[in-house]
Amino acid sequence: SHHTVAVTGASRGIGQAVVRALLERGARVVAGARDVSALEALPHPNLTAVSLDVTDPAAARAFGARAAELGASALINNAGVGVFKPTEEITLEDYRRVMDTNVLGTLLVTQALLPHFQARRDASVINVTSDVSDRTFAGGALYTASKFAQRALTRALAYEGQAYGLRVTEIRPGMVDTYFADTQQGEAHKHGWLRAEDIAQAVVYVLSQPPHLRVDELLLHPVQQEVTF
Ligand code: NJP
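Here is a short report on the structure shown in this document. Residue positions are given per chain, counted from 1 along the sequence in the order it is written. Totals for whole chains, interfaces and linings use all residues, but because this is a predicted model, local features are given only for residues with pLDDT of at least 70 and pairs of side-chain atoms are given and counted only at 80 or more. Side-chain measures here rest on the full set of heavy atoms in the structure, leaving out hydrogens and waters.

The next point concerns the pairing of strand 2 (residues 28–33). Extensive coverage of strand 2 is indicated by the burial of five of its six residues. When DSSP locates at least two bridges between a pair of strands, those strands are taken to pair. Numbering goes from the N terminus for both helices and strands, where a helix is a DSSP run of H or I of at least four residues and a strand is a run of E of at least two. Direction of pairing for strand 1 (residues 4–8) relative to strand 2: parallel, over a ladder of five bridges. Residue pairing across strands places Thr4 opposite Arg28, the latter belonging to strand 2. Clockwise travel from the first strand over the helix to the second, with the strands pointing away from the viewer, marks a crossover as right-handed. A crossover connection joins strand 1 to the parallel strand 2 through helix 1 (residues 13–24); in handedness this β-α-β unit is right-handed. As judged from the five bridges shared by strand 2 and strand 3 (residues 47–51), these two strands associate in the parallel manner. Residue pairing across strands places Ala31 opposite Ala49, the latter belonging to strand 3. Burial classes follow relative accessibility: with a 1.4 Å probe on protein chains only, a residue under 20% of its type's maximum area counts as buried, one over 50% as exposed, and anything between as partly exposed.

The following block contains the structure:
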């Protein structure tokens, strides 16, 4: 692949695996996260590390500008956080952190690249949402509200992007063994969960399609996860 791809939340977990998989495929990658030292721990001639807090409009604009300058043809909105609590325990701070990162962050970074993508007419946006972007559960109010909203942003962009050849994809992972929701990678109870690399391969699949094909959505679960649709 000769793409230049912008990836958010690239310092660990799924985002880091996406960066590695794309670099292995010969892509140029513009990787953003707050933990720049983690981004820079993966030195590669085709990797540009950018300090990015997706909730910061100026940082999102700078990230988009850098990616546009490097000729980005794809954006992977992957940055995200999870807080799981019963409704009565959700604080204003929880609300702002989850909604700002997952919803506002997706909006700001997408907006930062859209003028460039509108001019190119062959770009792709992949939003890593969740298998719970259309269902919920006890303790999931805040997180699933953010993922329902992120799904809505994704789908509205798909409609709008038709006018300029934009291909928009929602990747919806079930349980993935990462650092998600203040956990550690490799914890015993996560045995059998999806690996970050599994999601990275889904991203590679979407970006490898011929120009006439758009992948609207991919829903991916570990076999051990309960069937829920
Ligand atoms: O989580 P983790 P995942 N600005 O914690 C970054 C979704 N998902 O890889 O800024 C910029 O290992 C953070 O970087 P840093 C989930 O909702 C997961 O599992 O340096 N970046 C780190 O690189 C999310 O959308 C599961 O702290 C920010 C990355 O995000 C996506 O998968 C299930 C940021 C998080 O890495 C990746 O999560 C599911 C900010 N303000 C959906 N805040 C699952 N793991 O089971 C955070 O359904 N990041």
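So that's the structure; there's more coming.
To estimate the expected span of a helix, count its residues, drop one, and scale the result by 1.5 Å. Taking 1.5 Å of rise per residue, 13 residues should cover 18 Å, and helix 3 (residues 57–69) covers 18 Å from first to last C-alpha, within 8% of that figure. Taken as a whole, helix 3 has its buried residues at Ala59, Ala60, Phe63, Gly64 and Ala67. Angularly, the buried residues of helix 3 cover 135° about the axis, an arc narrow enough to put them on a single face. In this structure, helix 3 carries Arg61 and Glu69 as exposed residues pointing more than 90 degrees from its buried face. Here the arc refers to the set of directions running from the helix axis out to each C-beta atom.

Only protein atoms enter the 1 Å grid used here, on which a cavity is any set of points holding a 1.4 Å probe that cannot leave and a pocket is any open set flanked by protein within 12 Å on both sides along at least five of seven lines; residues with an atom within 4 Å of a point are listed as lining. Grid points are joined across faces, edges and corners, and a volume is the space filled by probe spheres set on the points. By the definition in use, this model includes two cavities of 30 Å³ or more. Estimated volume of the largest cavity: approximately 40 Å³. Lining the largest cavity, in full, are Ala10, Ser11, Gln16, Val19, Ala31, Ala38, Leu39, Leu42 and Leu47. Listing elements by their share of the lining of the largest cavity, those giving two or more residues are helix 1 and helix 2 (36–40).

The next subject is the pattern of salt bridges. Salt bridge, as applied in this entry: a Lys or Arg side-chain nitrogen positioned within 4 Å of an Asp or Glu carboxyl oxygen. In the structure shown here, the tally under the stated rule is 13 salt bridges. A salt bridge links Asp131 to Arg135; its shortest N-O distance comes to 3.2 Å. The exposure class assigned to Asp131 is buried, which follows from its relative accessible area of 7%. A salt bridge links Arg151 to Glu170, with the nearest nitrogen and oxygen atoms 2.7 Å apart. Separated by 19 residues along the polypeptide, Arg151 in helix 5 (residues 141–161) and Glu170 in strand 6 (residues 167–173) bring together distant segments of the chain. Exposure class is identical for Arg151 and Glu170. Each is buried. When salt bridges that share partners are traced, they join Asp134, Arg151, Arg155, Glu170, Arg172 and Glu217 into one network.

Space inside the largest pocket adds up to approximately 1,200 Å³. Around the largest pocket, the lining comprises 47 residues; the ones closest to its centre are Gly80, Val81, Gly82, Phe180 and Ala181. Within the residue set of the lining of the largest pocket, elements represented by two or more residues are helix 1, strand 2, helix 4 (92–120) and helix 5. For the lining of the largest pocket, the element with the highest residue contribution is helix 4, accounting for four residues.

Attention now moves to the site of the ligand. In this text, near means that some heavy atom of the residue lies within 4 Å of the molecule or strand in question. Around the ligand sit 30 residues, and of these Arg34, Ser130, Tyr143, Pro173 and Thr178 come closest. One nitrogen or oxygen atom from the side chain of Ser130 is found 2.5 Å from an oxygen atom belonging to the ligand. At 2.9 Å, a backbone N or O of Val176 approaches an oxygen atom of the ligand. Placement in a cavity or pocket follows one criterion, namely that more than half of the molecule's atoms lie within 2 Å of its grid points. At a threshold of 2 Å from the grid points, most atoms of the ligand map onto the largest pocket. Secondary-structure elements contributing two or more residues to the shell around the ligand are helix 1 and helix 5. Any pair of N or O atoms that falls within 3.5 Å is considered a polar contact. Within protein, one atom must be able to donate a hydrogen and the other to accept it, and sequence-neighbouring residues count only if both atoms are side-chain atoms.

The definition of a nonpolar core used throughout is a set of buried Ala, Val, Leu, Ile, Met, Phe, Trp, Tyr and Cys residues joined through side-chain atoms within 4.5 Å. Formed by 34 residues in total, the largest nonpolar core has its most connected members in Val7, Val19, Leu22 and Ile76. Going through the elements one at a time, strand 1, helix 1, strand 2, strand 4 (74–77), strand 5 (124–128) and helix 6 (196–207) are the ones with two or more residues in this core. Ranked by the residues each element gives to this core, the list is headed by helix 6, at eight residues. With residues near it in sequence (within four places) discarded, Ile76 still touches Val5, Ala6, Val7, Thr8, Val18, Ile126, Val128, Val203 and Leu207. Listed in part, the 23 residues of the second largest apolar core include Phe63, Ala79, Leu114 and Val168. Note on contacts: a residue pair qualifies if any of its non-hydrogen atoms lie within 4.5 Å across the two residues.

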